[in-house]
Each structure stands twice: as C-alpha cells, then as structure tokens.
Amino acid sequence: MTHEPQIKDRSIRQYIASPDLQRKLYKRSLLIVVLSQIFGGAGLAAGVTVGALIAQEMLGTESFAGVPSALITLGSAAAALLVGRLSEQYGRRFGLAGGFFAGGLGALGVIWAAINNSVLLLFISLLFYGAGTATNLQARYAGTDLAMPNQRAKAISIAMVSTTLGAVAGPNMVDVTGNFATSIGIPALAGPFILAAAAFILAGIVFFIFLRPDPYVVAKAVFKSQQSMGPGQGADEGKSVSKSSNRGLIVGATVMILTQIVMVAIMTMTPIHMKHHGHSLGDVGLVIGIHIGSMYFPSLITGVLVDKIGRTAMSIASGGVLLLAGILAAVAPPDSMSVLIIALSLLGIGWNFGLISGTAIIVDATDPATRAKTQGTIDVLVALAGASGGALSGMVVAHSSYATLSLVGGGLALLLIPVVIWSRSKSSVTGENASLNS
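Since this is a predicted model, take the numbers as computed values, not measurements.

### Quick notes on the confidence of the model for the protein
Confidence along the protein averages 84 in pLDDT terms, with 87% of residues attaining 70 or more. A low-confidence stretch, residues 1-7 stays under pLDDT 50, and its non-local contacts, those more than four residues away or across chains, total 16 contacts. Long-range and interchain partners of residues 233-243, a stretch whose pLDDT sits below 50, account for 20 contacts in this model, where long-range means more than four residues apart.

Next comes the structure, spelled out in structure tokens:
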C-alpha cells in the first residue's frame, strides 16, 4: 500500500493551491539536485578508475579484471528498481538518500576488503557501490517532477552537467587520495573509494535534509487534485497522458536502450583497439576523456533543443550522429588520433541526445501516480543493455574486427528512426504532444 504521509500536511495543501509555490519548489528542488549530483559525480570515479586494478591486484591475474564492472552494473540495475519503488512509495527524498547511503556503504566495504585482502567482501561491496551509480542517474528525474513539459529536458540536462563537475574532478584526485590512503595505512588503490564513500554519503545527506517538501509527493498531490476536477480543469491532461503512455514508454525506453548499447559497445573496445595498434595509455586516456566530456558537456544545449524542437527530432538526430560515429570509427586509420577523437566525440554526443530525449519522453508519458516506479524499471533495462553491449562487443571483435563492431553499432542506431517515426504517425495531438512530436 502506498504511504503518503506528507499529503495530509498543511504545506502540501498550500502547494496544491498555488502554482507560484510549485514553481518556486521546482527551482529549489533543481538546485538541490545540482548540489547532490556534484557530490555523486565524484563518487562515480572510483569504480571506473581503479575497480579493475583492485581486483587484478587482489586476484593476481587479469582474467577477472572485468568482474568489478559487471558487479557494479548488476548492483546498479537492482538499485535502480529499488530506488524507483522507494521513491514511488515514500518520495524522492527517501529513495535517493537511501540509494546514495547504500553506495557509500559499498565504498566503505571496498576499503575494508582492500585492507583485509578479502575478495568475497570486495565483490559484495561492489554490488552495493553500484547503488550509488544508479542513484546518481535516477536523481535526474527529481528535477522534473514539478517542471512544465517545456522545461523537462532542460532540467534533465542541468542534472547531467552537474554530474560532470564531480566526475571530471574525481579521476584527477586518484594520486591525492592514494597518497592519503597510504599515509593512514590503507592500500593506495583503495584511496579513490575513500572519496567515493564521502561523496555518496554527502549526496544522500543533501537529499535527506534539504529535499523538503518532497517534489514528487507534491506532484502526486497536485495530480490527484487535478484528477478530481471536472473537464477543462486539469483532468484532461491526465487522460491524455494515459492514452499515449504505453507508446511513449516503448519509444522512450527504446531510444535510451539502443543508444546505451551502441555507446557502451564501441567505447568498451576502443582502448583495446588502440593498444593493439601501438597507442600509449596517455593516448587512450585522451580519447576516452574527450568521449566522456562529449557525453555530458553538451547537455545544456541538448536540453534546450529537446524542449524547443521536440523529442522526436532529437531522437532521430541521435540515431544519425551515432551512425556517423560508427562509420568514422570503422574507417579511421589505426594510427590516426584525430579521427578517433572525432568519432568518439560524436559517439558521446549521440548518446547525450538519446538519453535526454528518451528521458523526456518517459517523463511525458507517465503521470506522477506511477512515475517513479516506471522510471526505475526502465533504468534497469538501460543498465542491463549497457552491460550486454559491453559483453557482446568483445565477442564481435574477437570473431571479426573493431571496424565491424563500429559499423554494426552505427547500423543498430538507425533503428531509432523508424521507432520514433512510428510513434509520431500513431500519436494524436493532445495536451502532452511535446512528448513525441517535434
């Protein structure tokens, strides 16, 4: 049974009756999301940067170096579902704070595992650490709960840009955190997880203390109030959402899943492709660093474009950019840094277009009564799609080549175009037409 203790609160009733208070809470909630995402982004760095190295050092072999990534992804998928359901039942404040606290606990477990050289504890802790990465992604929805339809993509993009600030700073503190860890008797590779633990816990505290009133609880209360009104007073909007919701969910999920598979598959094998052709670790770091920057830095512009020219147009653009990225990666001379940089930059931009437009479609296609649970379920599928893309990419390259993988990925991205065109041809013009029409 859904628990909504705050709906009886007098302040919630005040928000229901005042669009001006709703706008103010939307802006305040977005600021809280920005602050938490900066911390949360810093927490992401440890798993990406040193997770595989810790496993390699503790196991004494490279054979299982990919296990940390798989465990983090598995933990992320499970946490996306749980955070979504907690948010549905108790509000974003409890769902997001709980997810970040679990991620912080996982990071502390990794540190303890490194101190005691316990592989079992390491693997269990990485599962919990994955909750922090999932929550960091789920937090992008919190800024959209009270956003108007023409503000949603921009709100999503602001959250993503905020994540970048921490995600860029985190890897650059590996040496500093490693030296600090050594100075207090902890293995150096566990140092980044000290930062991750602090960052995730701080992000959780920000949500738990400051996300009041809970924007999701307010949004549900406003929606229920509108549903109780007669035609023309808010009820029509809820009906229009329900008519196109299934189609919107299918399209939004498809856009995010396909872009995730393509991006992860090509990104995963690029460092190996480069190493096989004599590039240094510095070269690899430069290409991947630019790629990651391209995934997040264009977000503010992308958000404006998604809100202005439409979800459909930007989803199609995502497919086109990813196709171009795949072609360039396939034809790039192995010794050409410049072409690889352009290809991986386009790969990041295409993913950015797809994630923001797909997320906006999902928000448009759901009403507040069931939104959080649905969003969590779809993020599970996105996480599993990324894991599948990474796993299958190695098989494709092993049996063929990096060029084949890139071309297959680009071709797969083209599926976005018929999917979104189908959705547009089927959709009728309603009060929520921003969700699928350009």
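### Examining helix H5 (residues 119-138)
For H5, which comprises 20 residues, the first-to-last C-alpha distance of 29 Å matches the rise-based estimate of 28 Å (1.5 Å per residue) to within 8%. The complete set of buried residues in H5 reads Leu122, Ser125, Leu126, Tyr129, Gly130, Ala131, Gly132, Thr133, Ala134, Thr135, Asn136 and Gln138. Backbone nitrogen of Leu121 and a side-chain oxygen of the N-cap are separated by 3.2 Å at the start of H5; the cap is Ser118.

### Thoughts on the packing of aromatic side chains
The description of two aromatic rings rests on the distance between their centres and on the angle between their planes. Scanning all chains against the criterion turns up 7 aromatic pairs. Centre to centre, the rings of Tyr129 and Phe193 are 5.3 Å apart; their planes meet at 65°, and the pair counts as edge-to-face. Of this pair, Tyr129 sits in helix H5 while Phe193 sits in helix H8 (residues 191-210), placing them 64 residues apart in sequence. Note on Phe193: relative accessible area 0%, which makes it buried. Ring centres of Tyr129 and Phe200 lie 5.6 Å apart, and the angle between their planes is 50°; this geometry places the pair in the tilted category. One end of the pair, Tyr129, is in helix H5; the other, Phe200, is in helix H8, with 71 residues separating them in the sequence.

### Structural notes on the side chain of Arg93
Within the fold, Arg93 resides in helix H4 (residues 92-116). Buried and without a salt bridge, Arg93 has Asp214 as its closest oppositely charged side chain, separated by 6.4 Å. When neighbours within four sequence positions are excluded, Arg93 is seen to be in contact with Phe207, Phe208, Leu211, Arg212 and Asp214.

About the cut-offs
- Residues numbered from 1 in each chain as written.
- Predicted model: local features only at pLDDT ≥ 70, side-chain atom pairs only at ≥ 80, totals over all residues.
- Heavy atoms only, no water.
- pLDDT = per-residue confidence, 0-100.
- Contact = heavy atoms within 4.5 Å.
- Helix = DSSP H or I, 4+ residues; strand = E, 2+ residues; numbered from the N terminus.
- Expected span 1.5 Å × (residues − 1).
- Buried < 20%, exposed > 50% of the residue type's maximum accessible area, 1.4 Å probe, protein only.
- Polar contact = N/O pair within 3.5 Å; in protein donor to acceptor, adjacent residues only side chain to side chain.
- Phe/Tyr/Trp six-rings, centres within 6.5 Å; stacked < 30°, edge-to-face > 60°.
- Lys, Arg positive; Asp, Glu negative; His and termini not counted.
- Salt bridge = Lys/Arg side-chain N within 4 Å of Asp/Glu carboxyl O.

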